[in-house]
Structures are given as structure tokens and as C-alpha cells.
Amino acid sequence: MIRFMNVHKWFKDLHVLNDVSLTVAAGEVVVVCGPSGSGKSTLIRTVNQLESINSGEIWVDGKNVADPKTDLNALRAKVGFVFQHFNLYPHLSVLDNITLSPLMVKKMERAAADKLALQLLERVGLAHKKDAFPAQLSGGQQQRVAIARGLAMQPQVMLFDEPTSALDPEMIGEVLHVMKDLAESGMTMMVVTHEMGFAREVADRVVFVDHGQIIEEAQPEEFFMNPQHDRAKQFLRQLLTPMQ
Amino acid sequence: MRFTSRLICTATVGALLAAPAMSAELTGTLKKIKDSGTIVVGHRDASIPFSYLDNNQQPIGYSMDLANKVVAAVKKELKMPGLKVQYNLVTSQTRIPLVQNGTVDFECGSTTNNLERQKQVDFSVGIFEIGTRLLTKKTSGIKDFTDLKGKNVVTTAGTTSERLIKAMNAEKQMGMNIISAKDHGESFLMAESGRAVAFMMDDALLYGEMAKAKAPAEWVVTGKPQSFEIYGCMMRKEDPAFKKVVDDTIKATYKSGEINKIYTKWFMNPVPPKGLNLNFPMSDELKGLIKSPTDKSAEQM
Amino acid sequence: MNYNWDWNVFFKSTGIGNEIYLDWFVSGLGWTIAVALAGWIIALALGSLLGVMRTLPNKTASAIATGYVELFRNVPLLVQLFIWYFLVPDLLPEKAQIWFKQDLSPATSAYLSVVVCLGLFTAARVCEQVRTGIQALPKGQNYAAMAMGFQQAQVYRYVLLPQAFRVIIPPLTSEFLNIFKNSSVASLIGLMELLAQTKQTAEFSANLFEAFTLATVLYFVLNMSLMKLMGWVETRLRVPGMMGGAK
């Protein structure tokens, strides 16, 4: 479904992605983790070309996203993206946030789009908030709406860029719960997160990134119990016992 | 100190009995001038050749020559040869309030004496008389006001000509389009650029604009004057002592014939800043005014 | 100062037809509104377009808009007016020149010139407000819309502009008021709007202070009403939960 082949990216002199190769199969859930500044957010943003790359290839659903001939808008419509800061449209109601893309990009009928949006809101447990505005919702609720918004395009892949790091601790659970349900429904997912509990329970594979390189790639159990690389060990130690 | 000097001054004057008027206590503008040691003369910046600025930014012109005679008379009257003279620029909008509020002691420019203005200020005896006529291209075929039916005519905003032509248009239903331009220069530009076939204004000013034209020979001042207007110097109301000094000065200039020299200097010879010659011979109306000076407006005559 | 006040002057005959001075003020107010509203439509449409252009990644589009703003903001309004009224018509083909200068009534040709002039001048200012409004939005809004597969035009139409305009209503209000105040330049090319009628009344009646007092009151009432109107628009467009909106 997603395939990175020798991807490089520079921000001026900074080598943010250094020869990254990675495959995410259909139906697979891959968690990407690593210290901050390691390049993991950049990595996930290259999938739908919110960030461009300097060399290498990224294939999504059989298309090379770095190829100028690829219709990026059509491709992006098939890839759902959930941001750290939700990025809901503040001037639109919850329902309109979800229906905007189906209406404008897919040219769906209003009634069908509304029906779909209500189903998705039901799924994330927020049907009763359909007429609310984003600023009237808690962070956790906003992120659940953002997930519903991503799903509204009926994507083949969902990308999550640190979906819980901007949330108060008591709201993290509700969002992870929705993500877990989604994974169980068979969605292909690539998730940048520090939620190791989620990784352990839901992920098929964990990828550890540092200094723009993939350093370790393993089954969750193996990664957590027996990390191979020193930097991965140090990362896990800091994550589990931050005071030391 | 001031009191003492005034005392001495008054005493001296009284002793010499040079001017009987001076023995009485000064009032109004003369007192203000005496107290401040300064006389403030209002002038215009572009009323050619009446009152305008030369290349050194000094006010000059026909009306300014008369104003300077008034200043000389005030110096003599107050026995203050060292009296300071200050020139203050006024516009058509500011001239009346600035005279009223005392910023300017008197103004000699191109201000028409009329009944509305007489409610606000006093006028000296007339210093000039104009007729309101038309400036047009010789090729336009316009000979008189009746030829203007259905045409575009320009005049300068806020002038008597504007009022006259608008009234004429309403009364005689001539269907003219009247443009009110912001100043004489712009009015002429409207005529020159073909937006208007004729420019209605005081004839003296029309001759001034014609002299400035790229090709003065292409233009002509025409039409029967729709009105005559008398220009006067403006001063504050109800100040007979000062008005007498101004009026007497102007009348003396008329009587001595010196006015003819001043007229010739400004209307029949090249004038600064560009050395243009207006070639505007003295009208019978002005000759009449000089013969029998009056401070009445033309409409009162 | 010995000024002769006369507040009845507005009901006195102007000496032209049956008009009283008050009629002049009413007609002047009408022209002022007609000039300002038409200019505002141009300013808002063109200014929004230019504002968007300034934020586009496309360097050419952004440079064109920047050049426009620099040009129109740095040349005084009066100079621009004289260019539009005296210079531009002379650059037209012969037939169009005659039509503009002679077939159109002077009021119409002056009106067209001043509307275009004010519209283009104010557009440069609106452009800057729109640009600021767009740039003040979180970057994530652009990303979110792009990630949904929106075309660039759709990103602006549905996501960025609706938010940017809400943010810039207060500065836009002041531009809206400015165009009403700036419309007084029309008096300088002979269009009898409120200021021109005021000056004319002052000259004809010699009741300068009464005339300008009434003009002050009219401009004040006009601008207060416009502010109320824009305040109402702002309240109507306010998003619940945001910027002091209803909870």
C-alpha cells in the first residue's frame, strides 16, 4: 500500500530523511516512534506530499507520489490524515467539517454526505455534537471529529501525526479507543505516536526513527522487550522512566 | 513699561497735533496694529495678476500694490515707520474667517463685494470691476451665452460665475452641463482638454488664463458680460477708523492718477513669473469706478 | 470674533431654480454614497484577489500583487485622481475620447474616474488586510485542506478566506469608512458630492461655519451608521465558541 524507496530530504543543510525505505502492507498498522526532531513527522507528511522529497520514490496505492505527473489531489483524497493539532475548520460546524471534502472533492450529494457524516460521528461517539462548532468541543472531541473527517473521504490509508500529544491526559484514551476500533476494522494505518501502550496492543510493527534514519523495525513485543539498538534502548528508558 | 511708552507716545502726538484723529483713543484694528507693532496683510497665491506669489514666494500683484499703499498709510497714521508687515496666505475658503477672527487685518486680492459677504465683513471702496464672460477657442463657434445650449461649460467652484450660469441654466432651461472645477487653472485645463467648450469667469482672470495657454492666439474672450462685479479689500465689520484709512488711501491713488500706472504695470505689460502680457485694456466700468469710488457691491448699484 | 450666525441658511433659496441649500446637501450626500459604494465593490473584489495572490506560492503572482500594492499605496490619492481624470482619457482612441469627454455628461465621466480611482487605491489597502488575515491563520488549516485533496482555489474559497475575512472585519471596517471620507476628492474634479456642495454653500451664502458644521454632522452620522452596520455584520458572522462568540 505504501512503499518508501531510498527517500532523502534536506531542510537546507539538515538531512531530515536519510535513505528511508519502508513498506506498509494493506491492512497493516505501523507505529513510527523516535525522539523529537528525529524526522518522524516529516516522514509521515511525505506520504501525501505535504512535504516534498529530494530523492527516492514513495509509492502509494500503485502511484509514485514524487512524480510530477501524479494527480496529487486525487491521491490525497484517498489518504486520510489526522494532525497533532486537529486542524478542524473553526468557522464550520462539526457536520460541515466532515462533509466539506465529500461535497467539494467527491461532488457527493448533500443528503448522502450528511448521512455519511452522521454515521461517522456515530462511530466516534459524537453524533450529538453535529451542530456544535470546534471551539465548543474539548480537545479529545475535536480529535475524534478530525478522525471522522479523515474517514469521510473513505480513504484506503489513514495517517496519524502524533494524534494525542496535544491532548490533556484524560482525553487520550477516548482518541486511542477510536483508533483501535479503526485498526480492528481492517484499516491500513501509519501512526506517529509515543503511546507505547497503543503500539503494543494495536500495531503490527513498530519503526524506530532517529536522525532521519530508520534504525529499528520490529514486532511490538520484540521491540519493547528486546530493543537491539542503543538509541532505541535509551529512548524506551526515557519514555518509561522520564525522571531518571 | 507698555503703559509708559504709550503715555509718552500719546503725549507726543497730542503735543504735535499732527493728526487730529490720533488725539482720540485708538480702537479696533488700528489699536490692534499699534499694540502688536505688526500689520497682517492677507494675500492669495494664484490670483494673477491681482495677488499671487512670484518666484521668491513674495506676494505681488495689482491688489498687492494697493495693499502696500494702505500699509504705508497706516505707518504714517500711527507714526510707526518701523511697523512690521506680515503677509498671510488665504484661500477662497479661509479668507473671510481669517479676517473675522483677527488673523489677518485686511485682505486685498480678487474678492467680490456682495451682499452675503457684507453680512460677515466690510469692504473698502472698489479696487477693480470685472465682467463675467466666456473664454473659448476661436474655432468653437461660440459667440455668446445663447450658443451654449446643450453644451459642457466649465466654471470655477465657489465663484459668482458658477452661481450665474447655474441660475441661467435653470431659468432658461438651456440644458448645459456645468462643471465646477476646483481652481481657475483646472477650469482652463477642462476647456483645453476638450471637456468643456467654454470657461465662464471674471474677464480679467480669463485674460490671465489665456496668457498662460500654450497657444494664446487660439483663444478668445467673448460674450456679453452677464454681470459686473466689484472687487474690494476686506476688513472686519464696524471699524470705521481703519476703513477710513483704507478707503482714503485707495481714493487718493485714484485721484492722483497713479492707479493708471499701476493698471498698466499689471495688465498691459509682461508680468512675473513667466513674463506674460495680459493685454487687457481698462474697461469703461473700471474707469467709472475710479471716477466715482464706492464701497457698494455691483448688485446694489 | 464677530461672525454672523444664521442657522436658517439651509432653508433659504440658493438663487438657482427653486433649490434651497438643504437640497444641495441631500444631493451631495447621495453622490458621496454612490461614489463610495461603487468604489468599495471594486476595492473588495480586486483587493481580495490581490491579497490571495500575495500569499500564493507562485512567485510571479505574488510579485505582481506586491508591485500593485507598492504603486497604488505610494502615489498620493489626489495624484492618482488627476491621472485617471485628465491623463488616462487622453490615452484612449479618438472615438472613445470624444465619447468620454463630450457625450457623457461631466458628472458621469467624473463619477467613473473617481470610482475607478478610489476602487483601485483602496484595493491596495484591502489587499494588505486580506494578506495579513490569511497569513495570521494557523498553517495547519492550509495543510488540513490540502490533505483532503482540495485544489488550491478550493482551499482559499472554503477554508482560508472565510476565516481570514472574519479576522479582518475591524480593519476592513476602517477601510470602508475611509473610502467614504476619501470620496471627498471627487469635489476636485467637479463632482458635486457632499464636500463640494458644502463649499458651494459656504461660498454662495457666506455662512461658512454653518455649512461646514452641517457637513461634519452628516459625515459623522454617516460613518456612525456604517460602523453600526459593520458591527452587525461582524456579530452575525461570529463563530460560536470563538473570539467572544456565543457559547
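It should be emphasised that the depicted structure is a prediction, and the values quoted were computed from it without experimental measurement.

J.: Would you mind going over the overall build of chain A in detail, with residue names and values included?
T.: Helix and strand counts for chain A come out as nine helices and ten strands. Compactness check: chain A gives a C-alpha radius of gyration of 18 Å against a globular reference of 18 Å for 244 residues, within 12% of the reference. Taking all 244 residues of chain A together, 56% fall into the buried category. Sequence separation of 24 or more characterises 64% of the internal contacts of chain A that already satisfy a separation of 6 or more.

J.: Describe the interface of chain C and chain A, and please don't skip the residues or the numbers.
T.: In this complex, chain C contributes 23 residues to the contact, which on the side of chain A involves 25 residues. Taken over both partners, the interface formed by chain C and chain A buries close to 2,100 Å², and the fraction arising from carbon and sulfur atoms is 63%. The largest share of the area that chain C buries against chain A comes from Y143, A147 and M148 of chain C, three residues that together contribute 28% of it. Where chain C packs against chain A, one counts zero salt bridges. Scanning the region where chain C abuts chain A turns up five residue pairs in polar contact (both at pLDDT 80 or more). Among the elements of the structure, α6 (139-147) and α7 (152-167) of chain C are those that each provide at least two residues to the side of chain C that touches chain A.

J.: I'd like a description of the interface of chain B and chain C, backed by residues and values.
T.: On the side of chain C, 32 residues touch chain B, which itself brings 30 residues to the contact. In this assembly, chain B packs against chain C so that about 2,900 Å² is buried in total across both faces, 53% of it on carbon and sulfur atoms. Taken together, the links from chain B to chain C amount to two salt bridges. E203 of chain C is the partner of R117 of chain B in a salt bridge, and the nearest nitrogen-oxygen pair spans 3.0 Å. There are ten residue pairs in polar contact (both at pLDDT 80 or more) connecting chain B and chain C. The set of elements that each furnish at least two residues to the side of chain B that touches chain C consists of α5 (95-100), α6 (115-118), α7 (160-172), β10 (177-181) and α8 (184-192) of chain B. For the side of chain B that touches chain C, the element with the most residues is α7 of chain B, which contributes five residues. Here the residues of the side of chain B that touches chain C are counted per class, giving six nonpolar, twelve polar and twelve charged.

J.: Describe the nonpolar core, listing the residues and the values that go with them.
T.: In terms of nonpolar packing, the biggest core is built from 143 residues, with M190 of chain A together with F128 of chain B touching the most fellow members. At ten residues, helix α5 (residues 106-135) of chain C tops the list of elements feeding residues into this core. For M190 of chain A, the residues in contact, after removing those within four places along its chain, are I2, F4, L22, V24, V30, V32, L43, I44, V47, M158, L159 and F160 of chain A. The next biggest cluster of nonpolar side chains, apart from the first, holds 51 residues, and it includes V82, A117, A127 and M189 of chain A.

J.: Which residues make up the side chain of R163 of chain B, and what are the values?
T.: Relative to the helices and strands, R163 of chain B resides in helix α7. Once you skip the residues sitting within four places of it in the chain, R163 of chain B turns out to touch E116 of chain B together with I16, E203 and F204 of chain C.

J.: Outline α5 of chain C, supporting the account with residue identities and numerical values.
T.: For α5 of chain C, spanning 30 residues, the distance from its first C-alpha to its last is 43 Å, which sits close to the expected 44 Å at 1.5 Å a residue. Most pronounced at A123 of chain C, the bend in α5 of chain C amounts to some 25 degrees.

J.: Residues and numbers for the side chain of T164 of chain A, please.
T.: In this fold, T164 of chain A is placed in the loop between β7 (157-161) and α6 (169-184). Apart from the residues within four sequence positions on either side, T164 of chain A is in contact with I172, V175, L176, T193 and E195 of chain A.

J.: So what's going on with the pairing of strand β3 (residues 29-33) of chain A? Residues and values would help.
T.: Residue and element names in this part refer to chain A. Most of β3 sits out of view: five of its five residues are buried. The alternating pattern of β3 places V29, V31 and C33 and V30 and V32 on opposite faces, both of which are buried. Two strands pair when backbone bridges link them, and β3 and strand β8 (residues 188-192) are joined in this way by four bridges, in the parallel orientation. Directly across from V31, in β8, lies its bridge partner V191. In the sheet, β3 pairs with strand β9 (residues 205-210) via four bridges, with the strands oriented parallel.

J.: An account of the confidence of the model for chain C is requested, with residue identities and associated values reported.
T.: Residue and element names in this part refer to chain C. On average, residues of chain C score 92 in pLDDT, and 98% of them reach the 70 mark or higher. Least confident of the elements in chain C is helix α4 (residues 94-103), whose mean pLDDT is 87; most confident is helix α1 (residues 21-55), at 97. Under the prediction, the complex receives an ipTM of 0.88, its pTM being 0.83.

J.: Before we move on, can you summarise the packing of α7 of chain C against helix α8 (residues 169-182) of chain C with the specific residues and values?
T.: Residues and elements named next belong to chain C. Viewed as axis vectors pointing N to C, α7 and α8 meet at an angle of 65 degrees, and their least axial separation amounts to 5 Å. Relative to α8, α7 is oriented roughly perpendicular. Across the interface between the two elements, F165, R166 and V167 from α7 touch I169, P170, P171 and L172 from α8. Residues belonging to the contact of α7 with α8 are distributed by class as follows: six nonpolar, no polar and one charged.

J.: How would you explain the environment of L177 of chain C if you had to name every residue and give the values?
T.: All names here are of chain C. Structurally, L177 is set in helix α8. By relative accessible area, L177 is classed as buried at 9%. For the pair L177 and P89, spaced 88 residues apart in the sequence, the C-alpha separation amounts to 29 Å.

J.: Residues and numbers for the sheet that holds β3 of chain A, please.
T.: Residue and element names in this part refer to chain A. The mixed open sheet is built from six strands, whose spatial order is β6-β7-β8-β3-β9-β10. The open sheet is flanked by β6 (79-82) and β10 (213-218), the only strands paired with a single partner. For this sheet, the mean angle separating the axes of adjacent strands, direction not counted, is 15 degrees. One ladder, built from five bridges, connects β7 with β8; its direction is parallel. When the sheet's bridge partners are listed, F160 is paired in β8 with V191.

J.: Residue-level account of the state of the cysteines, with values.
T.: Residue and element names in this part refer to chain B. In this structure the tally under the stated criterion is one disulfide over all chains. The disulfide bridge from C108 ends at C233, spanning 2.1 Å between sulfur atoms. With the S-S bond torsion at 110 degrees, the cross-link from C108 to C233 turns out right-handed. With C108 in the loop between β6 (106-107) and α6 and C233 in the loop between β13 (228-231) and β14 (234-235), this pair connects stretches of sequence that are 125 residues apart. We classify C108 as buried; its relative accessible area is 0%.

What counts and how
- Residues numbered from 1 in each chain as written.
- Chains lettered and ligands numbered in written order.
- Predicted model: local features only at pLDDT ≥ 70, side-chain atom pairs only at ≥ 80, totals over all residues.
- Heavy atoms only, no water.
- Helix = DSSP H or I, 4+ residues; strand = E, 2+ residues; numbered from the N terminus.
- Rg over C-alpha atoms; globule rule 2.2 N^0.38 Å.
- Buried < 20%, exposed > 50% of the residue type's maximum accessible area, 1.4 Å probe, protein only.
- Contact = heavy atoms within 4.5 Å.
- Buried area = accessible area lost by both parts, 1.4 Å probe.
- Salt bridge = Lys/Arg side-chain N within 4 Å of Asp/Glu carboxyl O.
- Polar contact = N/O pair within 3.5 Å; in protein donor to acceptor, adjacent residues only side chain to side chain.
- Nonpolar A, V, L, I, M, F, W, Y, C, P; charged D, E, K, R; others polar.
- Core = buried A, V, L, I, M, F, W, Y, C linked by side-chain atoms within 4.5 Å.
- Expected span 1.5 Å × (residues − 1).
- Bend = angle between axes of the 7 residues up to and from the residue.
- Pairing = 2+ DSSP bridges.
- pLDDT = per-residue confidence, 0-100.
- Axes fitted to C-alpha atoms, helices over the stretch in contact; angles between N-to-C directions.
- Parallel < 35°, antiparallel > 145°, perpendicular 65-115°, else oblique.
- Disulfide = S-S within 2.5 Å.

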